[in-house]
Amino acid sequence: MQGSPRCIAAVGTVYASTGPFVEVLKLEGRFDMSEAAHPRTLFEKLWDNHVVHAEEGRQTILYIDLHLVHEVTSPQAFEGLRLAGRQVRRPELTIATADHNVPTSDRSLPILDPISKQQIDTLSNNCKEFGVKYYDLNDVRQGIVHVIGPEMGYTQPGMTIVCGDSHTSTHGAFGALAFGIGTSEVEHVLATQTLLQYKPKTLELRVDGQVGRGVTAKDIVLYLIGQISTSGGTGYCVEYTGEAIRALTMENRMTVCNMSIEAGARAGMIAPDEVTYEYLKGREFVPADFDAAVAKWRKLPSDEGATYDKSLVYDAANIAPQITWGTNPGQVTSVDKKVPMPAEFSDETEQKTTALALEYMGLNGGESLTDIKLDRVFIGSCTNARIEDLRAAAAVAKGHKVAGSVSAMVVPGSGQVKKQAEEEGLDQVFKEAGFDWREAGCSMCLAMNPDKLDPGERCASTSNRNFEGRQGKGGRTHLVSPEMAAAAAVAGHFVDVREWN
Amino acid sequence: MNAFTTHAGKVVSLDRANVDTDQIIPKQFLKRIERTGFGEFLFWDWARRDDGTLNMAFELNRPEAAGASILLTRRNFGSGSSREHAPWALEDYGFRVIVAPSFADIFYNNCFKNGLLPIPLSEEQIEELFQRAAKHEGYQLTADLEKQTLTDEHGFTASFEVEPFRRHCLMNGLDDIALTLEQVDKIDAFEAARA
Ligand code: SF4
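Conventions we followed
Residues numbered from 1 in each chain as written. Chains lettered and ligands numbered in written order. Predicted model: local features only at pLDDT ≥ 70, side-chain atom pairs only at ≥ 80, totals over all residues. Heavy atoms only, no water. Near = heavy atom within 4 Å. Nonpolar A, V, L, I, M, F, W, Y, C, P; charged D, E, K, R; others polar. Pairing = 2+ DSSP bridges. Helix = DSSP H or I, 4+ residues; strand = E, 2+ residues; numbered from the N terminus. Right-handed = clockwise from strand over helix to strand, strands pointing away. Buried < 20%, exposed > 50% of the residue type's maximum accessible area, 1.4 Å probe, protein only. Contact = heavy atoms within 4.5 Å. Buried area = accessible area lost by both parts, 1.4 Å probe. Salt bridge = Lys/Arg side-chain N within 4 Å of Asp/Glu carboxyl O. Polar contact = N/O pair within 3.5 Å; in protein donor to acceptor, adjacent residues only side chain to side chain.

1. Quick notes on the site of the ligand
Part 1 of the argument: Close to the ligand lie His100, Ile144, His146, Asp165, His167, Ser381, Cys382, Cys442, Cys445, Leu446, Asn464 and Arg470 of chain A, which account for all nearby residues.
Part 2 of the argument: Residues that form the shell around the ligand fall into these classes: five nonpolar, five polar and two charged.

2. Points about the pairing of strand β4 (residues 117–120) of chain B
Every regular strand shows the same layout, with side chains that alternate between the two sheet faces.
Residues and elements named next belong to chain B.
Part 1 of the argument: For strand β3 (residues 97–100) and β4, the ladder comprises four bridges, and the chain directions are parallel. Bridging from a neighbouring strand, Val99 pairs with Ile119 of β4.
Part 2 of the argument: Chirality of the crossover, the property in question, places the unit of β3, helix α4 (residues 105–112) and β4 among those that are right-handed.

3. Brief notes about helix α15 (residues 482–491) of chain A
Residue and element names in this part refer to chain A.
Part 1 of the argument: Counting buried residues along α15, nine of its ten residues qualify, which places the element largely inside the surrounding structure.
Part 2 of the argument: Lining the buried residues of α15 we find β15 (322–324), β17 (376–379), α12 (387–397), β18 (407–410) and β20 (458–461).
Part 3 of the argument: Taken from the residues just after α15, Gly492 is the one with a positive phi, measuring 85 degrees.

4. Overview of the interface of chain B and chain A
Part 1 of the argument: Taken together, the contacts link 55 residues of chain B with 67 residues of chain A.
Part 2 of the argument: Of all residues in chain B, the largest losses of buried area upon contact with chain A belong to Lys27, Lys31 and Ile33 of chain B, amounting jointly to 15% of the total for that side.
Part 3 of the argument: The interface formed by chain B and chain A holds 13 salt bridges in total.
Part 4 of the argument: Linking chain B with chain A are 31 residue pairs in polar contact (both at pLDDT 80 or more).
Part 5 of the argument: Of all the secondary-structure elements, those providing two or more residues to the side of chain B that touches chain A are α1 (21–24), α2 (44–47), α3 (85–93), α4, α6 (164–172), α7 (176–181) and α8 (184–194) of chain B.
Part 6 of the argument: By residue number, the principal contributor to the side of chain B that touches chain A is α8 of chain B, which donates seven residues.
Part 7 of the argument: When the residues that make up the side of chain B that touches chain A are grouped by side-chain class, the tally is 16 nonpolar, twelve polar and 27 charged.

5. Brief notes about α12 of chain A
Residues spaced three or four apart along an α-helix face the same direction, because each turn holds 3.6 residues.
Residues and elements named next belong to chain A.
Part 1 of the argument: Summarising burial for α12: eight of the eleven residues are buried, a large majority.
Part 2 of the argument: Buried residues of α12: Ile387, Asp389, Leu390, Ala392, Ala393, Ala394, Val396 and Ala397, and no others.
Part 3 of the argument: Trailing α12 by a residue or two, Gly399 shows a phi angle of about 80 degrees, which is positive.

Have a look at this one:
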């Protein structure tokens with residue numbers, strides 16, 4: 001426990017209507033109570049449970065329960081260990097796979113890019129040398145690290161989980177404290193199984209009510225980012241609450257938490273409940289005494305009366321299918337709207353940013369989103385390449401053909417997702433409709449492997465970043481849900497999936 | 001890690017907000033397994049034309065930017081991917097200080113592990129600095145980490161925030177892992193209590 005007792009009870013709540021949301025402003029508390037007595041949020045419980053050492057004026061040493069490792073952000077960390085003569089402290093709490101760099105074409109062929117191959121081989125060798133479990137390319141369990149962790153039951157409620165990858169926030173969907181770290185920190189975790197952290201503030205994003213037909217978890221999270229901007233979450237750990245969040249399946253919850261980092265947040269989380277336990281039951285690496293584990297996990301959700309540093313409340317009924325029009329995920333709007341123009345923003349920096357984004361995207365501002373024509377469609381990534389995503393996209397594509405002007409691909413999130421999709425015949429649905437059906441990996445989410453956009457090509461993508469050049473230099477990315485992507489592939493332009501038959 | 005106490009250097013302005021780490025160092029350069037040598041790839045897609053030649057219109061490529069070691073830019077710098085290759089590239093290129101209204105969380109953290117000092121100032125102060133940089137040829141700033149000030153030779157002075165412990169580590173070039181391992185008995189005890 002850190003420091004002296006803090007002010008913890010809010011003495012009043014002010015509801016201030018500021019624009020599209022109601023902001024609940026918490027007033028400074030006046031009562032001191034002992035730490036143990038004060039109602040705690042999910043985040044506070046997770047934090048408290050992992051403090052190894054806290055000292056005034058220093059970063060807290062936080063214990064890490066699960067460390068995920070991939071080929072791009074780890075080689076320099078292992079090299080650092082070697083140079084210092086250090087070992088991996090808890091290899092059994094560390095798992096590794098190659099995902100970013102891997103080709104999604106035939107796995108029996110050698111990797112053509114020698115530098116990619118070297119990086120993947122380096123990971124394999126490092127894992128051997130340091131005794132870390134490595135899921136290689138021939139293992140059906142290989143896949144995007146944020147897909148395979150949950151899929152195998154490594155990811156569990158109550159854990160601290162890190163990875164040298166910003167989308168580690170995905171795992172927060174289970175009620176875990178999960179976040180991305182840099183390579184120096186990867187080395188720190190390998191060597192000490194701990195991390196130095198300043199305690200973030202807490203932000204509650206509550207979505208009340210129910211979403212309408214055709215509105216998905218992806219739309220919820222894109223909408224939230226549009227509301228708070230790509231830096232609105234900076235310095236915070238987000239907890240998503242409210243009826244619309246509770247109604248989501250486990251995989252959909254991962255989609256929401258995945259994009260927390262796009263709002264700048266350190267982490268995003270959703271309290272565990274029956275949906276969580278049901279999903280985990282029977283998975284390979286869950287605790288042997290599962291019922292005892294569940295009994296512990298039930299104590300994690302935020303206590304009645306626990307307060308967040310900031311709470312924002314939204315109404316699910318206001319959320320329509322979302323499409324990004326610019327070059328960051330906060331530049332997003334509803335499918336039935338028009339692309340905005342710089343003059344619509346009051347802030348000078350926003351005006352400039354919008355003008356630059358429109359120029360890059362080859363848009364003028366003012367066009368209807370549904371008039372935008374596409375060259376490519378990508379269904380994949382750690383945001384939207386789990387089995388439910390593929391089922392949803394297949395349901396839209398079934399019986400249709402991809403438009404002649406569009407080239408479309410589906411990249412499952414893991415070998416197991418691919419296998420299951422094939423057992424369900426989804427691969428046939430996609431292939432008959434004219435989609436390319438690939439092996440698992442990050443693929444065109446970041447275009448580090450051969451899958452990439454050509455300059456000027458426009459793509460509807462189910463991934464999480466529409467940054468300049470993200471999917472290939474000069475490529476133009478619009479982020480959407482799997483349903484919206486599939487419908488766009490068929491129509492050749494964006495359509496409102498709420499009207500799809 | 002390089003220790004940082006004070007640094008005086010030439011300023012280059014990059015008048016863009018939300019510069020993400022995909023821009024700072026594009027993915028094609030993340031395949032390297034070394035920690036050094038990323039500087040030549042900094043801002044690649046902006047710095048180079050499609051044929052690989054230098055784009056002289058890009059701020060960092062202009063002759064007057066040669067030798068700059070302080071980057072002045074807009075809000076939310078370093079957003080997106082956690083890649084530490086971004087600070088590696090900035091540092092390798094020759095930057096020691098980045099001045100902006102705000103930084104993304106992971107990037108900010110990564111800077112301190114690599115001897116780079118990110119300085120957050122208010123939007124007004126940043127605007128003032130942009131104007132001064134445009135006005136004075138070879139504009140210079142001095143960052144003093146001990147005093148926590150940023151000053152120029154024409155009367156500009158601003159103090160900036162930095163957590164005391166980060167400041168201490170950066171000023172002394174301390175290695176985080178060695179510091180944590182001083183507490184290894186506490187890690188042992190934590191593990192024992194949970195076993
Ligand atoms: S799918 Fe994309 S966002 Fe996810 S881990 Fe891979 S590269 Fe990162």
